[in-house]
Amino acid sequence: VKGMAGTGEVFQKLRERGAKVVLNTGYDRGTAESLVAKIGWKVGEDIDGLVTASDVPNNRPKPDMILLAMKETGVSDPGVVAKIGDSAIDVEEGKNAQCGYTFGVTTGAQTRKQLAAASPTAVVDSLDEMFEYLARL
């Protein structure tokens, strides 16, 4: 298990600019913590939080994981939140949480067309592309 190329660097650039980086996943906490540890990331050092399906009553597309991530990081305005994911249900989750930005990233199982059907803010091919999009705002 390893992180996608450039992911850690994008997380670092976001955090240097004051953004909070929280991973949320449909995996249970034990599995998610194991995967994050195998990649070599640490909460509080590389990312600001980890929210899993077992931490909330409702999984995607309900907004519970994003709302918990916001609460845990002290973010009160969903309009400043960017949700990025590799499936349409990720985009739906972001919309349901009223995130200001939703991104579909083409590095997962779904195609650009499938991601675009969820009407995200943008469909991107990498986290670098998402970062550049946000940097232009």
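Here's a quick rundown of the structure.

Parameters and conventions
Here, residues in each chain are numbered from 1, in the same order as that chain's written sequence. pLDDT decides what is reported in this predicted model: residues at 70 or higher carry local features, side-chain atom pairs at 80 or more are listed and counted, and totals for whole chains, interfaces and linings draw on all residues regardless. Side-chain numbers come from the whole structure's heavy atoms, not from hydrogens or water. Any residue under 20% of the maximum accessible area for its type is buried, any over 50% is exposed, and the rest in between are partly exposed; the area is computed with a 1.4 Å probe on protein chains only. The helix and strand labels rest on DSSP assignments: H or I over at least four residues marks a helix, E over at least two residues marks a strand, and numbering proceeds from the N terminus. Two strands form a pair only when DSSP identifies at least two bridges running between them. Look down the strands so they point away from you; if the path from the first strand over the helix to the second goes clockwise, the crossover is right-handed. Contact between two residues is taken to exist if any of their heavy atoms lie within 4.5 Å; hydrogens are not considered. Whether two aromatic rings pair depends on their centres lying within 6.5 Å, for rings of Phe, Tyr and Trp, where Trp uses its six-membered ring; planes under 30 degrees apart make the pair stacked, over 60 edge-to-face, and the rest tilted. Only the stretch in contact is used when fitting a helix axis, every axis being a line fitted to C-alpha atoms; angles between N-to-C directions are given from 0 to 180 degrees.

Structural notes on the pairing of strand β4 (residues 101-105)
Okay, step 1: The buried fraction of β4 amounts to four of the five residues, a majority that puts the element mostly inside the structure.
Okay, step 2: Looking at chain direction, strand β3 (residues 82-85) and β4 are connected through four bridges and run parallel. By the bridge assignment for β4, Gly85 is matched with Gly104.
Okay, step 3: Between the parallel elements β3 and β4, the chain passes through helix α4 (residues 88-96) in a crossover that is right-handed.
Okay, step 4: With three bridges joining them, β4 and strand β5 (residues 122-124) adopt parallel strand pairing. If you follow Val105 over to β5, its bridge partner there is Val124.

Some thoughts on α4
Okay, step 1: What α4 keeps buried is the set Ala88, Asp90, Val91, Glu93 and Gly94.
Okay, step 2: Among the structural elements, β1 (22-25), α3 (64-73), β3, β4 and α5 (112-116) are those in contact with the buried residues of α4.

Observations concerning the packing of aromatic side chains
Okay, step 1: For the coordinates displayed, the defined rule picks out two aromatic pairs.
Okay, step 2: When the ring of Phe103 is compared with that of Tyr133, the centres are 5.3 Å apart and the planes differ by 80 degrees; the resulting orientation is edge-to-face. Taken together, the residues span a long stretch of sequence, with Phe103 in strand β4 and Tyr133 in helix α6 (residues 127-135) at a distance of 30 residues.
Okay, step 3: Classification of Phe103 as buried rests on a relative accessible area of 0%.

Looking at the sheet that holds β3
Okay, step 1: In space, the three strands of this open sheet follow the order β3-β4-β5, with parallel pairing throughout. Sheet topology places β3 and β5 at the edges, where each strand pairs with a single neighbour. Averaged over all neighbouring strand pairs, the angle between strand axes comes to 25 degrees, with direction disregarded.

Coordinates in, geometry out; function isn't part of it.
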